[in-house]
Amino acid sequence: MSSNSNIQEAGGGAAPAAEHVSPSENVIVKHHIVAAAFWLGVALLAGLFYSMQLLQHWPLPKWAVLSPGRIRMVHTNLIAFGFLTNAFLAMLYWTVPRLTGRAVLSRGLGWLILGAWNLIILGTWIGLHLGEAQAVEWGETPVWIDPLVVLGALLVWAQFYPSIFRAREKALYVSLWYFSAGLIWLGLTYIMGNFFPQYLVAGNAAGPLLGLYIHDLVGLFVTPMGWGMMYFFVPIILRRPIWSHALSLVGFWGLAFFYPLQGVHHFLGSPIPMFAQYSAVVSTIAIEIVVTTVVINFFMTWKGTEGYLKRSIPIRWFWLGTLNYFITCLQCAFQVTLTFQQVIHFTDWVVGHAHLVMFGVFSFWIFGMIEHLWPKLVGREWWSQSLRNWSFWLTAVGLSGMFLVLTAGGVAEGFMSLNLAPRETILEMLRPFWFTRTLTGVMIIFGVGCLFTNMAMTAIKSRMAHVDLDYEPYEQPEKEVRIGTI
Amino acid sequence: MERFSFVFLVAGVIFFVFAFAVSGLIPMLPVQDLEVRTIEQMAQDPPFEWTLLQEQYPEAFQKAFGGLNENQAFAEALRVGHKQYVGEACWHCHSQQIRPWGNDEARYGPKSFPEEYHNELNMPPLWGTRRIGPDLIRRGGRQSNDWHVAHFYHPPDVNPPSVMPDYPWFYEEDGLTPNKTGLSVIAYVQWLGSWMPRVNETIYDIDHLDGTYSAPAVSHPEPPAAPQQQQQPTDPFAEEEQN
């Protein structure tokens, strides 16, 4: 198992690289990262504007196309399909050829996916502004976009599955388990959530599917991609293997079994039969144990490398994201109980939870990946070290503040609501919380702005060439690298 | 356990299908015999506010729904109003479900039940996950049409702390008369809960809680009839629900 692992295993034991990872694929990686950054920028601004509506101050003209409700859906959908998906595609183009020793199916298909996927997001953006939303939370993509998303998923399957299927080493590395399952889950989840409740079943029969969809998009697409990314980049940067292979197995199979069973917990208290609600509660608490094993695995991997937290900004993002992941999942295990549900369901607590997991975990990991990859993609050293630090601290403090203020406001709101306070009183109570939330949002925007500025200036202005010390040892064609049996 | 085909088949497909069956398909069984009502069926029984709306804004009404009889016009209004309700993300700040706990019943009336949702306008259902404003599933008729006309234009005018956005595009150019969109949204909101006895929200009006929680009685329209077949398969589940 892991005891005799060597660095090559931990890094996925890349095969000779020259023929498999060509510079032009790096160009695709770069374009996906730029697209992800663009959509993140739009989504963050949308979130800021919407938070100002809650302060009774709408900054945009009062036109139908810029209606606050539509902007809210732009915020969530561009994060899911614009930012996260583009970033994960970049990650797949970087990792899959290195982990499998096989090139992706086709470079031309890569450009097609890049163009098609971003056109789909553009269509979603326009459709939402035109009021064409579909009543599926986190899948408000207009109904005429839905079939295109499924086609896009098919293209992604065609691009990456052949490489994984023909991997040089048949016993796949951990990251590839997550990718193998996560890509098929994306398609199945999307079809289940966007077609069944829209065309086939109504009301109480459709409700559980909406819950499954919201949950599975996080749990069966974003989470597997995120963990696959972590299992790849953390050992590469630290130059040491993952602590325990057994815990990696427990983590993956636990996630695969328990995660899809939890969706109904988004509608506890609805008319969905109670046996379904209870099964969702039980499996949500069960996965907390699984999550703990994964988190322990990573913190044990980090043990003794604390110096990296100071030196390596990517590791800092990964570390903080993992800590936030543990907090999020611990929250899950409690907030899913019916005792907590009485108070915190329908309040800002849930909004804080969603921001902690989507931004505090997966976006932080993606920022870590960008911090790691960008100099390699443009071949230059980071333009400004202080901007890197600024972006980390502004974003981290902003997100922590947003999480705390939303959670506190949510608890207060929940108890006032339970005590039958008039809604007007609740709104007045929430005003300072919402004001602070907007401030933390501004901090986040400045933090991410620092990152974007640094990325642009690195590509344009930075004078120092980047020397790749992370992949150099593995990618010498003449050097035979043995992939150990895992 | 580390090979592609095993991971793909067992984790990727089998576990997913298993979970879909457990939390998606089995919960469908208790309601499989409920008829899904069409908009036209529901439009046969418009609420009182709809007739009133027609009398209040005859010209706008003529312009929007001219040439349709009352029920056709109401069906059209429900369709347009529902599309707006979804497109403006109303359902992200207003839930449409009353839970059996958390004092929801004291605030909004008896807990939600499946028949309420088995219609074309709940494909997908608009349960929502956040309540910035009140729950709307039984909200119809609590406010007058006039209140809604003033409220949609600039909510803080009638409710100062309200954070609801303005919807000036629901109105003709004069900013006073609702256009087709406005009439339809008001019709949709006033229709919500028209199948139940009306209740009030404040703590001083909770007479309906004096008795024990009785099973909710559907006044009109009648819930779809399929009681014979429905009882048999749902028995174990129905028992569990009452607990």
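Computed from a predicted model, the values in this text were never measured in an experiment. (Residues numbered from 1 in each chain as written. Chains lettered and ligands numbered in written order. Predicted model: local features only at pLDDT ≥ 70, side-chain atom pairs only at ≥ 80, totals over all residues. Heavy atoms only, no water.)

All right, on to the pattern of salt bridges then. Following the criterion strictly, the structure yields 16 salt bridges over all chains and no others. A salt bridge links R70 of chain A to E88 of chain B; its shortest N-O distance comes to 2.6 Å. Within this pair, whereas R70 of chain A is found in helix α3 (residues 68-100), its partner E88 of chain B is found in the loop between α5 (70-87) and α6 (104-108), the two belonging to separate chains. On the accessibility criterion, R70 of chain A (6% relative accessible area) is buried. Note on E88 of chain B: relative accessible area 2%, which makes it buried. For D104 of chain B, the salt bridge identified is with R131 of chain B, shortest N-O distance 2.9 Å. Of this pair, D104 of chain B sits in helix α6 while R131 of chain B is found in the loop between α6 and α7 (145-153), placing the two residues 27 residues apart along the sequence. An identical accessibility class is assigned to D104 of chain B and R131 of chain B; each is buried. One network of salt bridges, with partners in common, ties together R99, D104, R131 and D135 of chain B. (Salt bridge = Lys/Arg side-chain N within 4 Å of Asp/Glu carboxyl O. Helix = DSSP H or I, 4+ residues; strand = E, 2+ residues; numbered from the N terminus. Buried < 20%, exposed > 50% of the residue type's maximum accessible area, 1.4 Å probe, protein only.)

Bringing a nonpolar patch on the surface into the picture now. On the surface, W63, V65, L119, L122, I126 and L130 of chain A cluster together into a nonpolar patch covering about 580 Å² of accessible area. Of the residues examined, L119 of chain A reaches a relative accessible area of 55% and is grouped as exposed. (Patch = residues over 30% accessible without salt bridge, like charges linked within 9 Å, V, L, I, M, F, W, Y side chains within 5 Å. Areas by Shrake-Rupley, 256 points an atom, 1.4 Å probe, with all protein chains shown as cover.)

Taken residue by residue, the interface counts 97 residues in chain A and 80 residues in chain B. With both chains or domains summed, chain A and chain B bury close to 7500 Å², and 68% of this area falls on carbon and sulfur atoms. Across the contact surface, chain A and chain B share five salt bridges. In this structure, E413 of chain A engages R130 of chain B in a salt bridge whose closest nitrogen and oxygen atoms are separated by 3.0 Å. At 13 residues, the largest contribution of residues to the side of chain A that touches chain B is made by helix α6 (residues 174-200) of chain A. Here the side of chain A that touches chain B is built from residues that sort into 60 nonpolar, 23 polar and 14 charged. (Contact = heavy atoms within 4.5 Å. Buried area = accessible area lost by both parts, 1.4 Å probe. Nonpolar A, V, L, I, M, F, W, Y, C, P; charged D, E, K, R; others polar.)

Attention now moves to the packing of aromatic side chains. Residues and elements named next belong to chain A. Enumeration according to the criterion identifies 60 aromatic pairs over all chains in this entry. Each ring, one from F257 and one from F258, has its centre 5.2 Å from the other, and the planes form 80°; the classification is edge-to-face. Among the residues examined, F257 registers a relative accessible area of 28% and is labelled partly exposed. Relative to F392, the ring of W317 has its centre 4.9 Å away and its plane inclined at 75°; by these criteria the two rings are edge-to-face. With W317 in helix α11 (residues 313-335) and F392 in helix α14 (residues 385-418), this residue pair connects regions lying 75 residues apart in the sequence. The lysine or arginine in question, R98, covers the ring of Y471, its NZ or CZ lying 5.0 Å from the ring centre. Sitting above the plane of the Y308 ring, R311 keeps its charged end 4.7 Å from the centroid. (Phe/Tyr/Trp six-rings, centres within 6.5 Å; stacked < 30°, edge-to-face > 60°. Lys NZ or Arg CZ within 6 Å of the ring centre and 35° of its normal.)

Time to look at the confidence of the model for chain A. All names here are of chain A. Mean pLDDT over chain A stands at 91; residues scoring 70 or higher make up 92%. Mean pLDDT across the elements of chain A ranges from a minimum in helix α1 (residues 7-10), with 40, to a maximum in α14, with 97. The low-confidence segment residues 1-19, where pLDDT is below 50, has 45 contacts with residues more than four positions distant or belonging to other chains. This model gives residues 478-486 a pLDDT under 50, and the stretch forms 15 contacts once residues within four places in sequence are excluded. (pLDDT = per-residue confidence, 0-100.)

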